[in-house]
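Geometric and topological summary
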Amino acid sequence: MKQHKNQNLELPKEGFVRLPQILAVIPISKSQFWLGVKNGHYPKPIKLGAKTTVWRVEDIRYLIASIGQCLEKDNSEE
């Protein structure tokens, strides 16, 4: 995964995040993330402009928590 030099691996407390910030904390490809958005598995983006797409950080935190719960459930069933 390509990471930018100054990219912080932590999400801000509130506000919006862009796709590179999300992919820094959720280890999937850009195309897989967009497929998840299309299928309704991941939060819908907000368009701020023609080339600017963001997500509410609260939605991404909820997604991360949901993924963690699924992983915990899978591990407890083994």
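Since we're looking at a predicted model, the values are computed, not measured. (Residues numbered from 1 in each chain as written. Predicted model: local features only at pLDDT ≥ 70, side-chain atom pairs only at ≥ 80, totals over all residues. Heavy atoms only, no water.)

Some thoughts on the environment of I64
Within the fold, I64 resides in helix 3 (residues 57-76). Remark: the alpha-carbon pair of I64 and Y42, spanning 22 residues in sequence, is separated by 10.0 Å. Ignoring anything within four residues of it in the chain, the contact list for I64 reads L11, V25 and I26. (Helix = DSSP H or I, 4+ residues; strand = E, 2+ residues; numbered from the N terminus. Contact = heavy atoms within 4.5 Å.)

Let's talk about the packing of aromatic side chains
Applying the stated rule across the entire model yields three aromatic pairs. Between F33 and Y42, the aromatic rings sit 5.1 Å apart at their centres with planes inclined by 15°, giving stacked as the arrangement. Between W34 and W55, the aromatic rings sit 5.4 Å apart at their centres with planes inclined by 55°, giving tilted as the arrangement. One end of the pair, W34, is in helix 2 (residues 30-38); the other, W55, is in strand 3 (residues 52-56), with 21 residues separating them in the sequence. (Phe/Tyr/Trp six-rings, centres within 6.5 Å; stacked < 30°, edge-to-face > 60°.)

Observations concerning the pattern of salt bridges
In total, this model carries one salt bridge according to the counting rule given. Among the ionic pairs, D59 bridges to R56, the shortest N-O distance being 3.1 Å. You can call D59 partly exposed: its relative accessible area is 24%. (Salt bridge = Lys/Arg side-chain N within 4 Å of Asp/Glu carboxyl O. Buried < 20%, exposed > 50% of the residue type's maximum accessible area, 1.4 Å probe, protein only.)

Thoughts on helix 2
When we look at burial in helix 2, the residues that qualify are F33, G36 and V37. On an axial view of helix 2, the arc spanned by its buried residues comes to 105°, and they lie on one face. Of the residues in helix 2, the exposed ones pointing more than 90 degrees away from the buried face are S31 and K38. Once helix 2 ends, the next one or two residues include G40, with phi positive near 85°. (Arc of directions from axis to C-beta.)

Focus on the sheet that holds strand 2 (residues 46-49)
Judged by pairing direction, the sheet is antiparallel, and its three strands sit side by side in the order 1-3-2 without closing on themselves. The open sheet has two edge strands with one neighbour each: strand 1 (16-17) and strand 2. (Pairing = 2+ DSSP bridges.)

Here's the deal with a nonpolar patch on the surface
A surface patch of nonpolar side chains, about 280 Å² in accessible area, is lined by F16, I46 and L48. If you trace the backbone, I46 turns up in strand 2. (Patch = residues over 30% accessible without salt bridge, like charges linked within 9 Å, V, L, I, M, F, W, Y side chains within 5 Å. Areas by Shrake-Rupley, 256 points an atom, 1.4 Å probe, with all protein chains shown as cover.)

What about the confidence of the model for the chain?
A residue-level look at the chain finds 86% of positions with pLDDT of 70 or above and a mean pLDDT of 87. Scored below 50 in pLDDT, residues 1-7 shows eight contacts in the model against residues more than four places distant or in partner chains. (pLDDT = per-residue confidence, 0-100.)

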